[in-house]
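Below, each chain spelled out in residue letters.
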Amino acid sequence: MESFIKRLFRLIPVLLGISIIVFLIISLTPGDPVQIMLGDQHVTPEMEQALREDMGLDLPIHERFIRFLYNASQGNFGRSFFHRRPVMEVILERLPATIELTFCSMMMAILVSIPLGVLAAVKKGTAYDRSSVVTAMVGVSMPGFWFGIILIIFFAIHLQWLPVSGRSTFSLRVPSVTGMLLIDTLLAGRLDSFLDAVKHLILPTVTLGMAMGATLMQVTRASMMEVLKQDYILFAEAKGLKRRRVTFLHALKNALIPTVTVAAIQTGQLLGGNMIIETVFGWPGVGSLVVRAIFNRNYPLVQAAVLIYVLIYVLMNFIADILYTVLNPRVRI
Amino acid sequence: MKKLIMLSVALCTLFLFNHPLFATGGDEIVIGFTSDALTMDPANHRARTTETILRDMYDGVVVRNNQMEVVPQIAESWKQLDTLTYEFVIRKGIKFHSGDPLTAEDIKFTFDRIIKEGQIDGQTSPRKSLLGSLKEVKILGPYKVRFILAEPWPVFPAFLPWQEVVSKKFVEKVGSKGLATQVNGTGPFKLVEWIRGNRIVMERFDGYYGGASAIPPVGKAKVDRVIWNIIPENASRVAALLSGDVDIINDVPSHSVRQIELNPNTKIMSANGTRSNFLVLNNTRPPFDNKKVRKAMCYAINTDLIIDKILNGNATRLNGILSPDAFGHNPDLYEYKYNPEKAKALLKEAGYPDGFKVELDVVASRKDLAEAVSANLADVGITAPVRVWEKSVIRPDWKKPEKKRDMYLTDWGNGSLDPVGLMTPVLRSGGRGNFSGYSNSKVDALIDKAVVEIDRKKRAAYYREAEAILNDDVPMVFLWLPREIYGVSNRIGGWQPKADSQINLHDAYIIK
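For every chain, the first residue of the written sequence is number 1, and numbering continues from 1 along that sequence. Ligands are numbered from 1 and chains lettered from A, in the order in which they are written. Note on the predicted model: pLDDT of at least 70 is required for a residue's local features to be given, and 80 or more for side-chain atom pairs to be given and counted; whole-chain, interface and lining totals, by contrast, use all residues. Computation of side-chain values covers all heavy atoms of the structure but excludes hydrogens and water.

### Concerning the overall build of chain A
Across its full length, chain A carries 13 helices and zero strands. Starting at the N terminus and ending at the C terminus, chain A contains elements arranged as α-α-α-α-α-α-α-α-α-α-α-α-α. Its C-alpha atoms give chain A principal-axis dimensions of roughly 85 × 55 × 40 Å. When a residue's accessible area, from a 1.4 Å probe over protein chains only, is under 20% of the maximum for its type it is buried; when over 50% it is exposed; and in between it is partly exposed. In chain A, buried positions account for 49% of the 333 residues. Here the contacts in chain A between residues at least 6 apart in sequence split such that 73% fall between residues at least 24 apart. Each accessible area value is a Shrake-Rupley result obtained with a 1.4 Å probe; residue values ignore everything except the protein chains displayed when judging cover. A total of about 16,200 Å² of accessible surface is found on chain A, and carbon and sulfur atoms cover 70% of it. One finds the centroid of the 29 positive side-chain charges in chain A at a distance of 15 Å from the centroid of its 21 negative side-chain charges. Helix and strand assignments come from DSSP, with helices taken as H or I runs of at least 4 residues and strands as E runs of at least 2, each series counted from the N terminus. Note on contacts: a residue pair qualifies if any of its non-hydrogen atoms lie within 4.5 Å across the two residues. In this count, Lys and Arg are taken as positive residues and Asp and Glu as negative ones, while His and the chain termini are left out. By convention, the charge on Lys lies at NZ, on Arg at CZ, on Asp at CG and on Glu at CD.

Written as structure tokens, this is what we have:
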């Protein structure tokens, strides 16, 4: 517990450092939000200046940064230039959709890739193993946006089984409680709405989970093959234990340590990958919001979103550390 | 046990794919739209796309018809009393969605909220500059208001369709924070649901007064419900139309036009846009400070071929900066027909027999167009490598008074379709968008005179004269006006795209 609190405190300099870097990068990137907002309208320089003051962009960069730090320390990340509301409000509205998609992709990746990886390691050298290695290679190398569009063309346009975009059908809507539709629809006791939400989730989840699953499978396979060579496995088999018991109880538990590390890092990356996949599938999450904010130079929104990404990333690594201790009691945090 | 699992899996799959998910009551039109509304408050944003969505729920004092003429909507009529005063008579019997009647009080409240400082929870409306010199709105009676300007601004009516009327009583009740998420307008549809970044659902307002009397048919909306699905990615939006998920999509990329046309259930509809495209030439230094060189550029570029092959014919050729729909457009301008020989001869006369080397700036979405232009220029001996930029980086650079670059293939939007929104910023000396650094006192004088001229005929004549001078001076190569392209399902009737990119669904219906 003590070490947990210590680790939490260590987060503070990390977040501070990241916020400085993000603030500097985005402020030094050429492009002026005032010009973007005014577009092609004919305005006088006074009108332009008034808008600049309204956005707080008339101050020199160091003053803006001090102001940002002061406000952020009080939980105020400023107002989105274009939504003209507090950025946290704008981001938090979108966060449940992103969490739902990321979680489902991660679950899909783990549930599919670990058994397949184990199987490939056990059946090393067979046709199954070789074909799974090739498939994993394809999965890792395939660009997500391209794969997503191929899935849309096949399942949405030709077969018309699944919807192209969005999260739910209007006629099957349920009241929002958590913002995560899989949970909300069950809370409302609506099976039809739940299945509708699942239908909308399938294509983005598969697209996002594909690359992660492929990597996890490769890692599981490699580490499993390593573990299967160990003496204690031989000993367990010599004892006459059943093959299945040896594989899943003795070998897999030890083989999972690298898989857990990779899964934690990948979940952080999934959030980044979300930006593209959310845009392709019109998924109303934080990713598609941030993409737009970057192009519009919506400084406050990008800053706050990056901080949230960092927090989640650090949190995922923390969870991975805890999982190590479960998998391998020799590890202490 | 195994059989039972198999059976339940099969049943689930059957249910998943064959459940009648779209069984809803009444007619419904689904739009696949590029971006979500930033807010539901018509006074607190500066995005055209947000306005497009809001305009189906909020009506304005005036509106543009499909021919882009400004006609009364909530107003019954208006007249201009002098250079500074406009008087509007408001229609009786108009109701907000809440059932409250609309009066002159609401009109005054709406405009005060925009033009007075700090009215939106301490913030000033970003739409203030769209009302130019409007100083005050005076109530003359329950259905009569007077708009008073601080200085003459003849284009006031052309800018008025951009403002939507809110209810004073409602805004005072819910505050600006409430108005950011709730709608109580006088438009044909009312807001039912808004899931940020995902969809906006509107339902027919049965107490609708019928809309602008100059735009038939007048009456309630024909469909029960309109759903706007937000799909930012082009390929996905097109896919949603082809699969039948949505009925109308905006902003169709020109390379998808054929795909939509070939699909038996969908078609392409388009309207003249309002963004004039041109090739900016840096007039402040050689070689483009020489008029002969600029003319050579006009002859060297095969505009018609580019429109035909790259834009798939979805653009109108321009010989001046104004759209053919714009006020003061001059139809008699000289057309610089593609003539590479003449271009070479002019270059020789100007002292560049072997051409020269310049850079051509462009944003990524126009790269293919720039490459075509560059290839044309290469044929007459001009080497013009294409340099791709991000818009928010290159545009401010070209806006600086000191011009350091050579050429820029770009555009300037003119939603008001009045030259004041295009000629003043782009071609008047020191204008905010005068990328080419062009300065001609004659043109400046004509533009300045036209801005304050009340007589519409005289105003138009000034602009025509200015366009004729510009057509000869060619500070930039005027290229084309891209059309606004929509993909539309064949089951939709009664809908027409508009040049101002508004999607008016009041008259749209489902063909049965």
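### Some remarks on the interface of chain B and chain A
For an interface, size is often stated in terms of accessible area lost upon the parts coming together. Opposite the 54 residues of chain B that make contact, chain A presents 56 residues. By buried area we mean the combined loss of accessible area, with a 1.4 Å probe, across both parts when two parts are placed together. Carbon and sulfur atoms make up 58% of the area that chain B and chain A hide from each other, which totals about 4,600 Å². Put simply, a salt bridge is a Lys or Arg side-chain nitrogen that is within 4 Å of an Asp or Glu carboxyl oxygen. At the junction of chain B with chain A, the criterion picks out four salt bridges. Here A:Arg297 makes a salt bridge to B:Glu390, at a shortest N to O gap of 3.1 Å. Residues adjacent in sequence count toward polar contacts only when both atoms are side-chain atoms; beyond that, a polar contact is any pair of N or O atoms within 3.5 Å, and within protein one must be able to donate a hydrogen and the other to accept it. Counting the contacts that link chain B with chain A gives 11 residue pairs in polar contact (both at pLDDT 80 or more). For the side of chain B that touches chain A, the secondary structure elements donating two or more residues are helix H1 (2-18), strand E8 (189-195), strand E9 (199-204), strand E10 (225-230), helix H6 (234-242), helix H12 (391-399), strand E17 (407-413) and helix H13 (423-427) of chain B. In terms of residue count, the dominant contributor to the side of chain B that touches chain A is H6(B) (five residues).

### Some remarks on the environment of A:Met316
Residues and elements named next belong to chain A. Looking at where Met316 falls in the secondary structure, it is placed in helix H13 (residues 299-327). The buried category is assigned to Met316, whose relative accessible area is 16%. Separated by 205 residues in sequence, Met316 and Leu111 place their C-alpha atoms 18 Å apart. If sequence neighbours within four positions are ignored, Met316 has contacts with Met106, Ala264 and Thr267.

### A closer look at helix H5 (residues 168-179) of chain B
Residues and elements named next belong to chain B. For H5, built from 12 residues, the straight-helix expectation of 16 Å at 1.5 Å per residue is missed by more than 12%, its first-to-last C-alpha distance being only 11 Å. Buried within H5 we find Phe170, Val171, Ser176, Gly178 and Leu179. An end-on view of H5 places all buried positions within 155° of arc, on one side of the element. When the buried face of H5 is taken as reference, the exposed residues oriented beyond 90 degrees from it are Glu172, Lys173 and Lys177. Helices are assigned an expected span. That span is 1.5 Å times one less than the residue count. The arc refers to the directions leading from the helix axis to the C-beta atoms.

### Thoughts on helix H14 (residues 441-452) of chain B
Residue and element names in this part refer to chain B. A rise of 1.5 Å per residue sets the reference length of H14, with its 12 residues, at 16 Å; its end C-alpha atoms lie 17 Å apart and thus fit the reference within 8%. The complete set of buried residues in H14 reads Val443, Asp444, Leu446, Ile447, Ala450 and Val451. For H14, the angular spread of buried residues about the axis comes to 165°, placing them on one side. Of the exposed residues in H14, those oriented more than 90 degrees away from the buried face are Ser441 and Lys442. If you follow the buried residues of H14, they end up packed against H13 and helix H15 (456-473). At the N-terminal boundary of H14, the capping side chain belongs to Asn440, with an oxygen 2.9 Å from the backbone nitrogen of Lys442.

### Some remarks on the domain arrangement of chain B
Residue and element names in this part refer to chain B. Each domain's limits were defined by an automated method or a database of domain assignments. With domains assigned, chain B is organised as domain 1 (28-232 + 486-510) and domain 2 (275-482). With centres defined by C-alpha atoms, the gap from domain 1 to domain 2 works out at 34 Å. Counting residues at the interface gives 11 residues for domain 1 and 11 residues for domain 2. On the surface where domain 1 and domain 2 come into contact, there are zero salt bridges. Three residue categories are used. Nonpolar comprises Ala, Val, Leu, Ile, Met, Phe, Trp, Tyr, Cys and Pro, charged comprises Asp, Glu, Lys and Arg, and polar comprises the others, including Gly. For the side of domain 1 that touches domain 2, a count of residues per class yields seven nonpolar, two polar and two charged.

### Comments concerning the packing of helix H8 (residues 291-300) of chain B against helix H10 (residues 340-349) of chain B
All names here are of chain B. In contact at an axis separation of 8 Å, H8 and H10 are set at 165° when each is read in the N-to-C sense. Classified by the interaxial angle, the pair formed by H8 and H10 is roughly antiparallel. Once H8 is placed against H10, the crossing between them reads as left-handed. Residues Lys292, Val293, Lys295, Ala296, Tyr299 and Ala300 of H8 touch H10, and the partners they reach there are Pro340, Lys342, Ala343, Leu346, Leu347 and Glu349. All axes here are fitted lines through C-alpha atoms, helices being fitted over the stretch that makes contact, and every angle between N-to-C directions spans 0 to 180 degrees. For classification purposes, angles smaller than 35 degrees are called roughly parallel, those larger than 145 roughly antiparallel, those between 65 and 115 roughly perpendicular, and all remaining angles oblique. Two helices crossing with the near one rotated counterclockwise from the far one by less than a right angle form a left-handed crossing, whereas a clockwise rotation gives a right-handed crossing.

### Considering the pairing of strand E7 (residues 144-149) of chain B
Residues and elements named next belong to chain B. Both strand E5 (residues 85-90) and E7 contribute to a ladder of five bridges, which runs antiparallel. Each bridged residue has a counterpart across the sheet, and for Phe88 the counterpart in E7 is Val145. Any two strands with at least two DSSP-identified bridges between them are counted as paired. Pairing analysis gives six bridges linking strand E6 (residues 134-141) to E7, with the strands arranged antiparallel. The residue bridging Val137 from the neighbouring strand is Phe147, located in E7. Counting the residues between successive antiparallel strands, the hairpin from E6 to E7 contains two residues.

### Here we look at the packing of aromatic side chains
All names here are of chain B. Here a pair means two rings of Phe, Tyr or Trp (six-membered ring of Trp) with centres within 6.5 Å. Their orientation is stacked below 30 degrees between planes, edge-to-face above 60, and tilted elsewhere. What the rule picks out here adds up to 24 aromatic pairs over all chains. A ring pair is formed by Phe159 and Trp162, whose centres lie 5.2 Å apart and whose planes are at 85°; its orientation type is edge-to-face. Comparing Phe159 with Trp162, the two get one shared label, buried. Here the aromatic rings of Tyr352 and Phe356 are separated by 5.1 Å at their centres, their planes lie at 70°, and the arrangement is edge-to-face.

### Observations concerning a nonpolar patch on the surface
There is a patch of nonpolar side chains on the surface, built from A:Ile99, A:Phe103, A:Met107, A:Leu111, A:Val112 and A:Leu116 and spanning about 520 Å² of accessible area. When you line up the elements, A:Leu116 lands in helix H5 (residues 87-122). What goes into a patch is any residue over 30% in relative accessible area without a salt bridge, connected to like charges within 9 Å or, for nonpolar side chains (Val, Leu, Ile, Met, Phe, Trp, Tyr), within 5 Å.

### Side note on the side chain of A:Thr220
Residues and elements named next belong to chain A. If you trace the backbone, Thr220 turns up in helix H9 (residues 191-228). In this structure the side chain of Thr220 is engaged in a polar contact, spanning 3.5 Å, whose partner is the side chain of Thr259. Leaving out residues up to four positions away in the same chain, Thr220 has contacts with Ile114, Gly117, Val118 and Thr259.

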